[in-house]
Amino acid sequence: MTHLQAEMLLDLIGERLGAAFYNRALYDAQALLTARLEALSETVLELERPVR
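About the cut-offs
- Residues numbered from 1 in each chain as written.
- Predicted model: local features only at pLDDT ≥ 70, side-chain atom pairs only at ≥ 80, totals over all residues.
- Heavy atoms only, no water.
- Helix = DSSP H or I, 4+ residues; strand = E, 2+ residues; numbered from the N terminus.
- Rg over C-alpha atoms; globule rule 2.2 N^0.38 Å.
- Buried < 20%, exposed > 50% of the residue type's maximum accessible area, 1.4 Å probe, protein only.
- Areas by Shrake-Rupley, 256 points an atom, 1.4 Å probe, with all protein chains shown as cover.
- Patch = residues over 30% accessible without salt bridge, like charges linked within 9 Å, V, L, I, M, F, W, Y side chains within 5 Å.
- Salt bridge = Lys/Arg side-chain N within 4 Å of Asp/Glu carboxyl O.

## Digging into the overall build of the protein chain
Line of reasoning, step 1. Helix and strand counts for the protein chain come out as one helix and zero strands.
Line of reasoning, step 2. Expected size for 52 residues packed as a compact globule is a radius of gyration near 10 Å; at 22 Å, the protein chain overshoots this value by more than 25%.
Line of reasoning, step 3. Dimensions along the principal axes, computed over C-alpha positions, put the protein chain at roughly 75 × 15 × 10 Å.
Line of reasoning, step 4. When each of the 52 residues of the protein chain is scored for burial, the buried share is 0%.
Line of reasoning, step 5. Of the roughly 5,400 Å² that the protein chain leaves accessible, carbon and sulfur atoms contribute 63%.

The following block contains the structure:
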């Protein structure tokens, strides 16, 4: 396989599967952000002081 053929194959794969990989990355990023925000919320609640 020549360099040009390999490049053309990668372009084809990118065209056909690029959107799926991009969308998966968005879902992964959203899940990561959700987990981090939950952890941050718990940390903030740990700072709460008792009210008399």
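## Digging into a nonpolar patch on the surface
Line of reasoning, step 1. On the surface, a nonpolar cluster with roughly 730 Å² of combined accessible area is contributed by Met1, Leu9, Leu10, Leu12, Ile13, Leu17 and Phe21.
Line of reasoning, step 2. By the element assignment, Ile13 lies in helix α1 (residues 3-46).
Line of reasoning, step 3. Residue classification places Ile13 among the partly exposed positions, given a relative accessible area of 38%.

## Some remarks on the environment of His3
Line of reasoning, step 1. Within the secondary structure, His3 is located in helix α1.
Line of reasoning, step 2. Residue class for His3 comes out exposed when judged on its relative accessible area of 65%.
Line of reasoning, step 3. His3 sits 21 residues away from Arg24 along the chain, and the two C-alpha atoms are 29 Å apart.

## Quick look at the environment of Leu12
Line of reasoning, step 1. Its place among the elements puts Leu12 in helix α1.
Line of reasoning, step 2. It is 58 Å that separates the C-alpha atoms of Leu12 and Arg49, two residues lying 37 residues apart in sequence.

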